[in-house]
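Coordinates in review
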Amino acid sequence: MKSFKMISIQVLHEDQLENFPLTDGIIINQENSHRMWILEMFIDKKYQERFERWMEDGELLETKVVISYPENEPAGFRVAIDAVKQMGDNVSVLMKGRLKRARSQYAEQLLEELIGEGLEGDQLLKRFESDMRSRPRLKKDIDQAE
């Protein structure tokens, strides 16, 4: 098994990526034949009901997780909520699932998309820098989800 620090997480729900500010988080690659991963995050308890609802519904969630360093490209996971437990002012959310695919070369794909929109020069540079920080969903990812 290998463990990694979870830096940030976004959950896709109803075609919107939502950030959940982390108090702390860890990701564990179980390195088993099922290629399963365990993700545990500690977040503010105001999100508890939402994750409990997703757990009760047995909903599979698409997530984008930044691992180890803030500048790393997000890794996509498809997870199910396994447990939600209140711990003081925070909630522990335990998720289990699989890595969706290898790195998606986000920067290259974003640049291709922005050029396709006709952006160039300073306008292209500013939008690229902004989108690399905010990491919006790429059009190709939206199209694949539909």
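Reference entry: report on the structure contained in this document. Computed from a predicted model, the values in this text were never measured in an experiment. (Residues numbered from 1 in each chain as written. Predicted model: local features only at pLDDT ≥ 70, side-chain atom pairs only at ≥ 80, totals over all residues. Heavy atoms only, no water.)

Some points on the pairing of strand β6 (residues 75-87)
Note the following rule: A pair of strands counts as paired when DSSP detects no fewer than two bridges linking them. Every helix listed is a DSSP run of H or I at least four residues long, and every strand listed is a run of E at least two residues long, numbered separately from the N terminus.
In this sheet, β6 lies alongside strand β5 (residues 60-67) in antiparallel orientation, the contact comprising six bridges. If you follow Glu62 over to β6, its bridge partner there is Arg78. Relative to strand β7 (residues 90-99), β6 runs antiparallel, the two being bridged by ten bridges. Residue Arg78 lies in a different strand from β7, and its bridge partner there is Arg98. Here β6 folds back onto β7, and the loop between the two strands holds two residues, one of which, Gly88, carries a positive phi near 65°.

Concerning the pattern of salt bridges
What counts is decided by this rule: In what follows, salt bridge is the name for a side-chain nitrogen of Lys or Arg lying within 4 Å of a carboxyl oxygen of Asp or Glu. Burial classes: relative accessible area under 20% of the type maximum marks a residue as buried, over 50% as exposed, and values in between as partly exposed (1.4 Å probe, protein chains only).
For the coordinates displayed, the defined rule picks out nine salt bridges. Here Lys100 and Glu62 are joined by a salt bridge, their closest N and O atoms 2.8 Å apart. One end of the pair, Lys100, is in the loop between β7 and α2 (106-116); the other, Glu62, is in strand β5, and 38 residues separate them in sequence. A relative accessible area of 41% places Lys100 in the partly exposed class. The class for Glu62 is buried, based on a relative accessible area of 16%. Look at the salt bridges and you will find they share partners, linking Glu62, Arg78 and Lys100 into a network.

Examining the nonpolar core
Applicable threshold: Among the buried residues, those of types Ala, Val, Leu, Ile, Met, Phe, Trp, Tyr and Cys that are joined through side-chain atoms within 4.5 Å form a nonpolar core. Working rule for contacts: check all heavy atoms of both residues, and any pair within 4.5 Å makes them a contact.
Among the nonpolar cores identified, the biggest contains 23 residues, and Leu39, Phe51 and Phe77 are the most heavily contacted of them. Listing elements by their share of this core, those giving two or more residues are β1 (2-13), β4 (36-44), α1 (48-57), β5, β6 and β7. Contact partners of Leu39, with chain neighbours within four places excluded, come to Met6, Ile26, Ile27, Val65, Phe77, Val79, Val93, Leu94 and Met95. Among the nonpolar cores identified, the runner-up in size contains six residues, and Leu110, Leu114, Leu119 and Leu138 belong to it.

Here's the deal with α2
Stated precisely, the cut-off is as follows: What the arc measures is the spread of directions leading from the helix axis to the C-beta atoms.
Residues of α2 that are buried include every one of Tyr106, Gln109, Leu110, Glu113 and Leu114, and no others. Down the axis of α2, the buried side of the element spans an arc of 135°, and every buried residue falls inside it. Residues of α2 that are exposed and point more than 90 degrees away from the buried face comprise Glu112 and Gly116. Where α2 ends, the next residue or the one after it, Gly118, has phi of about 90°, a positive value.

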